[in-house]
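Residue-level structural notes
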Amino acid sequence: MDLDKFRKKAEEAKKENQKFLQNLKKRKPKNLDNLFHSTHKEVFKQTDCLECANCCKTTSPIFKNRDIQRIARHFRMKPNDFMDKYLIEDEENDFVLKSSPCPFLGADNYCGIYDVRPDACAEFPHTDRRKMNQILNLTYQNTMVCPAVLEIVEKMKSKIK
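Report on the accompanying structure. None of the values given here were measured: they were computed from a predicted structure. Per chain, residue numbering runs from 1 following the sequence as it is written. Only residues with pLDDT of 70 or above have their local features reported here, since the model is predicted, and side-chain atom pairs are shown and tallied only from 80 upward, although totals for entire chains, interfaces and linings are computed over all residues. Water and hydrogen atoms play no part in the side-chain values, which are based on all heavy atoms of the structure.

Attention now moves to the overall build of the chain. Strands are runs of DSSP state E lasting at least 2 residues, helices are runs of H or I lasting at least 4, and numbering of each runs from the N terminus. Looking only at helices and strands, the chain has eight helices and two strands in total. Expected size for 161 residues packed as a compact globule is a radius of gyration near 15 Å; at 17 Å, the chain falls within 12% of this value. Over its C-alpha atoms, taken along the principal directions, the chain stretches across nearly 50 × 30 × 30 Å. When the 161 residues of the chain are sorted by exposure, 39% land in the buried category. Put simply, of all contacts in the chain between residues at least 6 apart along the chain, 70% involve residues at least 24 apart. Accessible surface computed for the chain: about 10,200 Å², of which carbon and sulfur atoms make up 47%. Under the counting rule used here, the positive set is Lys and Arg, the negative set is Asp and Glu, and His together with the chain ends is not counted. A charge is said to be at NZ when it belongs to Lys, at CZ for Arg, at CG for Asp and at CD for Glu. The chain carries 31 positive and 24 negative side-chain charges, and their two centres are separated by 6 Å. Only the C-alpha atoms count toward the radius of gyration. The rule for a globule is 2.2 Å times the residue count to the power 0.38. A 1.4 Å probe rolled over the protein chains alone gives each residue an accessible area, and that area as a share of the maximum for its type sets the label: buried under 20%, exposed over 50%, partly exposed in between. Contacts: residue pairs with any heavy atoms within 4.5 Å of one another. The Shrake-Rupley method, run with a 1.4 Å probe sphere, supplies the accessible areas, and residue values consider only the shown protein chains as cover.

The following block contains the structure:
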């Protein structure tokens with residue numbers, strides 16, 4: 001995976017993708033979820049996230065309380081100690097990682113806490129969720145992070161004219 005090439009492609013398509021997704025949000029096509037889900041499956045048949053891991057290298061998931069409890073237990077730490085060591089509270093009062101890349105990301109792009117990872121990581125890139133119309137802004141943001149999401153949106157543009 002050539003991340004520099006991806007970043008350039010994402011930047012070039014940025015305005016067009018934003019406009020496309022904003023337009024979808026206004027139009028609210030009835031089959032939007034089905035189109036996203038089928039395109040998600042199509043793209044992920046050809047995608048190996050371990051070749052990229054750009055999400056883990058550049059962004060932080062939101063850590064919900066249940067995530068913090070679960071991961072702290074995994075490390076045999078108190079939740080507050082886990083938070084002090086790894087997390088900060090952002091401007092939206094969400095708990096996120098203090099730094100990137102993710103401290104649990106290995107050199108081989110494997111997650112060191114995969115079995116107990118935050119729900120936001122398990123659900124990423126969110127292109128197979130219900131009510132996609134409600135998260136099109138997030139989908140747009142993820143076109144700048146995830147090559148698979150960029151590919152999904154590019155395919156969606158040809159499916160929805």
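Here the focus is the packing of helix H4 (residues 65–74) against helix H5 (residues 79–86). Axis angles are defined between N-to-C directions and span 0 to 180 degrees, where every axis is a line fitted to C-alpha atoms and, for a helix, only to the segment in contact. Close contact between H4 and H5 brings their axes to 8 Å; oriented N to C, the two are set at 95°. Classified by the angle their axes make, H4 and H5 are roughly perpendicular. For the pair H4 and H5, the contacting residues are Ile68, Gln69, Ile71 and Ala72 in the first and Pro79, Phe82 and Met83 in the second. By the convention adopted, Pro, Cys, Tyr, Trp, Phe, Met, Ile, Leu, Val and Ala count as nonpolar, Lys, Arg, Asp and Glu as charged, and the other residues, Gly among them, as polar. When its residues are assigned to classes, the contact of H4 with H5 shows six nonpolar, one polar and no charged. For classification purposes, angles smaller than 35 degrees are called roughly parallel, those larger than 145 roughly antiparallel, those between 65 and 115 roughly perpendicular, and all remaining angles oblique.

Further remarks concern the environment of Gly112. On the secondary structure map, Gly112 appears in the loop between strand E2 (95–97) and helix H6 (119–123). Along the primary structure Gly112 and Phe124 are separated by 12 residues, whereas in three dimensions their C-alpha atoms are 17 Å apart. Gly112 has contacts with His74 and Phe104, leaving out every residue within four places of it along the chain.

Only Phe, Tyr and Trp rings take part, Trp by its six-membered ring, and two of them pair if their centres are within 6.5 Å. Stacked means planes under 30 degrees apart, edge-to-face means over 60, and tilted covers everything else. A complete count under the given rule lists seven aromatic pairs for this structure. Aromatic pair Phe75 and Phe104: ring centres 5.6 Å apart, planes at 25°, arrangement stacked. Taken together, the positions of Phe75 in the loop between H4 and H5 and Phe104 in the loop between E2 and H6 put the pair 29 residues apart, joining distant regions of the chain. For the pair Tyr86 and Phe104, a centre-to-centre distance of 4.8 Å together with 50° between the ring planes defines the contact as tilted.

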